Amino acid sequence: MEIHWSNILETQPIVSKMVMNSIQKNRISHAYLFTGDKGTGKLTLAQLFAMSIFCQKRTSGEPCYQCRDCKRIKSGNHPDLHMIYPDGASIKKEQILHLQKEFTYTGLESNKKVYIISQADKMTDNASNRLLKFLEEPSQQTTAILLTENSQSILSTIRSRCQILSFKPLQPKQLEEKLQEEGLSLANARLLTAVTNNWNEAMEKSKDTWFAQARKLVVQLVDMLQHNPNEVPIFVHTQWMPHFKERIQLQEGLDLLLFWFRDIVHYHLDETSELVFVQHREKIEDASMAWSIIHAADYLQHIMHAKRKLEQNVHPQLVVEQLTLQIQR
Ligand SMILES: [Zn+2]
């Protein structure tokens, strides 16, 4: 991956400016906690930060990317930059002890030392306590950068010693692109981005057969509502309800239904680039012949209302039966 300030400045303007500022003003803290979803650029910024700390030819806050220090950080083998990743499921005390030992020697090239702990929330209790001791005796020249997707799982005593930088969630378009880079089709990436703004959740759902079936049922239901409304009650009873057993699952099903009718509204408004169900463009087109924009907007209201009734503990099957009757009207 290309590491460059301009990339991260664009996606994470606030945190990258904060980091750059502290370098320029020479006010680097002893410890940082970078918190944010996967894919938001925490590791990239941490590596850039390290580069700027070590680079001998830095101009204002930006490293040169060319010198020996920069090149070695890029290739992952700078002697005074240490990376810690979970060893299996967790980060163990021995890994922190090892780091501490390394740090008792002065830097090989300069006196500066930086360590980055990836998925810092995976530290065992012993590892956390060890790290805390280490943070309590800071050396002038040492900078710790902890990365996490879940800052609440970090010991509060560690958190309080860190400057916390919160990374913005990915914008939908960025998430959509990243999911496609992972090999997902545009249709899948688009739908998952509508469902969540979290990379991990999107990847999990992309492999989830329950979700795939849910999506199929939604397409079947709207098809039936449009073409064979008489069969809807049986479909709801025999296929829809058995799949959406839990309230939370049914909420998800109704969300997908909501996207479908929102697509019809977008279609009417000539905003086809906004479609969520991109692979069903013809069906959306067909449906927008049958249902005017006013109908579709009305149905959106009914679906929202159904979702609220579910929250208020109305019987799920009743909610769906009422909703499907309202949509046929
Ligand atoms: Zn450099």
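What counts and how
- Residues numbered from 1 in each chain as written.
- Predicted model: local features only at pLDDT ≥ 70, side-chain atom pairs only at ≥ 80, totals over all residues.
- Heavy atoms only, no water.
- Donors = N, O, S within 2.8 Å, 3.2 Å for Na, K, Ca; no water.
- Tetrahedral: all angles 85-135°; square planar, octahedral: opposite > 155°, others 65-115°.
- Domains from an automatic or database assignment.
- Helix = DSSP H or I, 4+ residues; strand = E, 2+ residues; numbered from the N terminus.
- Polar contact = N/O pair within 3.5 Å; in protein donor to acceptor, adjacent residues only side chain to side chain.
- Buried < 20%, exposed > 50% of the residue type's maximum accessible area, 1.4 Å probe, protein only.
- Pairing = 2+ DSSP bridges.
- Phe/Tyr/Trp six-rings, centres within 6.5 Å; stacked < 30°, edge-to-face > 60°.
- Axes fitted to C-alpha atoms, helices over the stretch in contact; angles between N-to-C directions.
- Parallel < 35°, antiparallel > 145°, perpendicular 65-115°, else oblique.
- Left-handed = near helix turned anticlockwise from the far one by under 90°.
- Contact = heavy atoms within 4.5 Å.
- Nonpolar A, V, L, I, M, F, W, Y, C, P; charged D, E, K, R; others polar.
- Core = buried A, V, L, I, M, F, W, Y, C linked by side-chain atoms within 4.5 Å.
- Patch = residues over 30% accessible without salt bridge, like charges linked within 9 Å, V, L, I, M, F, W, Y side chains within 5 Å.
- Areas by Shrake-Rupley, 256 points an atom, 1.4 Å probe, with all protein chains shown as cover.
- Salt bridge = Lys/Arg side-chain N within 4 Å of Asp/Glu carboxyl O.

**Student:** How do you make sense of the coordination of the zinc ion when you look at a structure like this?
**Tutor:** Around a metal, the idealised angle for a tetrahedral arrangement of four donor atoms is 109.5 degrees; for an octahedral arrangement of six donor atoms it is 90 or 180 degrees. At this site the zinc ion is bound by Cys55 (SG), Cys64 (SG), Cys67 (SG) and Cys70 (SG), with donor distances of 2.2 to 2.4 Å. Geometry at the zinc ion is tetrahedral, judged from its four donor atoms and the angles of 104 to 116° they form at the metal.

**Student:** Is there a simple way to explain the domain arrangement of the protein in this structure?
**Tutor:** One widely used convention gives an interface's size as the accessible area the parts lose upon coming together. Entries for the protein in the domain assignment read domain 1 (5-168) and domain 2 (208-328). The centre of domain 1, based on its C-alpha atoms, is set 47 Å off from the matching centre of domain 2.

**Student:** Looking at this structure, I do not really get the environment of Asn200. What am I missing?
**Tutor:** Mapped onto the secondary structure, Asn200 falls in helix α10 (residues 199-206). Sequence-wise, Asn200 and Lys216 are 16 residues apart; in three dimensions their C-alpha atoms are separated by 22 Å. Separated by 2.8 Å, the side chains of Asn200 and Glu149 make a polar contact.

**Student:** For this particular structure, what's the right way to read the pairing of strand β1 (residues 31-35)?
**Tutor:** Two faces belong to every sheet, and in a regular strand the side chains alternate between them. Counting buried positions over the five residues of β1 gives five, a clear majority of the element. Here β1 shows two buried faces, one formed by Ala31, Leu33 and Thr35 and the other by Tyr32 and Phe34. Sheet topology places β1 next to strand β4 (residues 142-148); five bridges connect them, and they run parallel. What sits directly across from Leu33, in β4, is Leu146.

**Student:** Can you walk me through the packing of aromatic side chains in this structure?
**Tutor:** Each aromatic ring pair is specified by the distance between its two centres and by the angle formed by the two planes. Considering all chains together, one arrives at 10 aromatic pairs under this definition. With 5.4 Å between their ring centres and 80° between their planes, Phe261 and Tyr299 make a pair best called edge-to-face. Of the two residues, Phe261 sits in helix α13 (residues 247-268) while Tyr299 sits in helix α15 (residues 293-311), which places them 38 residues apart along the sequence. With relative accessibility at 0%, the residue Phe261 sits in the buried group.

**Student:** What should I look at first to understand unusual backbone geometry in this one?
**Tutor:** Even without glycine at this site, Asn26 takes up a positive phi of about 55°. Mapping Asn26 onto the fold places it in the loop between α2 (13-24) and β1. Under the relative-accessibility criterion, Asn26 is labelled exposed at 64%. With phi around 70°, Tyr65 is a residue other than glycine that occupies positive phi space. By relative accessible area, which is 9% here, Tyr65 ends up buried.

**Student:** I tried to follow the packing of α13 against α15 on my own but got confused; where do I start?
**Tutor:** When two helices pack together, their arrangement is given by the angle between the helix axes and the distance between those axes. In contact at an axis separation of 9 Å, α13 and α15 are set at 165° when each is read in the N-to-C sense. Taken together, the axes of α13 and α15 are roughly antiparallel relative to one another. Of the two possible hands of crossing, α13 and α15 adopt the one that is left-handed. Mapping the contact onto sequence places Arg247, Leu250, Gln251, Leu254, Asp255, Leu257, Leu258, Phe261, Arg262, Ile264, Val265 and His268 in α13 and Ile293, Ala296, Ala297, Tyr299, Leu300, Ile303, Met304, Ala306, Lys307, Leu310 and Glu311 in α15. Residues that form the contact of α13 with α15 fall into these classes: 16 nonpolar, two polar and five charged.

**Student:** Even after reading the chapter, I still don't get the nonpolar core, so can you show me in this structure?
**Tutor:** The nonpolar side chains of a soluble globular protein tend to be buried with one another. Core analysis: the biggest nonpolar cluster contains 53 residues, and Leu179, Trp240, Leu257, Phe261, Ile264, Phe277 and Trp291 have the highest contact counts within it. Among the elements that take part in this core, α13 stands out by supplying 11 residues, more than any other. Excluding residues within four positions of it along the chain, Trp291 makes contact with Val222, Leu225, Gln226, Phe261, Ile264, His268, Tyr299 and Ile327. Counting residues in each nonpolar core, the second largest holds 30 residues, with Val15, Cys55, Cys64 and Ile116 among its members.

**Student:** Can you walk me through a nonpolar patch on the surface in this structure?
**Tutor:** Together, Leu269, Ile293 and Ile294 give the surface a local cluster of nonpolar side chains, amounting to about 270 Å² of exposed area. Within the secondary structure, Leu269 is located in the loop between α13 and α14 (281-290). Look at Leu269 and you get partly exposed, because its relative accessible area is 45%.

**Student:** Looking at this structure, how should I read the sheet that holds β1?
**Tutor:** One key point about sheets: their strands pair by backbone hydrogen bonds, in either a parallel or an antiparallel sense. Read from one edge of the open sheet, five strands run β2-β3-β4-β1-β5, paired in parallel fashion. Here the strands that pair on one side only, and so sit at the sheet edges, are β2 (81-84) and β5 (163-166). For this sheet, the mean angle separating the axes of adjacent strands, direction not counted, is 15°. Of the strands in this sheet, β1 and β5 are in contact with α2, which crosses β5 at around 145°.

**Student:** I'm lost on the pattern of salt bridges in this one. Help?
**Tutor:** Proximity of charged atoms lets side chains of opposite charge pair with each other. In the structure shown here, the tally under the stated rule is six salt bridges. Lys113 is paired through a salt bridge with Asp80; the nearest N and O atoms lie 3.5 Å apart. One end of the pair, Lys113, is in strand β3 (residues 113-117); the other, Asp80, is in the loop between α4 (68-74) and β2, and 33 residues separate them in sequence. Given a relative accessible area of 5%, Lys113 falls into the buried group. Between Lys173 and Glu176 there is a salt bridge, with the nearest N and O atoms lying 3.5 Å from each other. With Lys173 and Glu176 both in helix α8 (residues 172-181) and three residues apart, this pair spans about one turn of that helix. Each of Lys173, Glu176 and Arg190 takes part in salt bridges that share partners, so that together they form one network.

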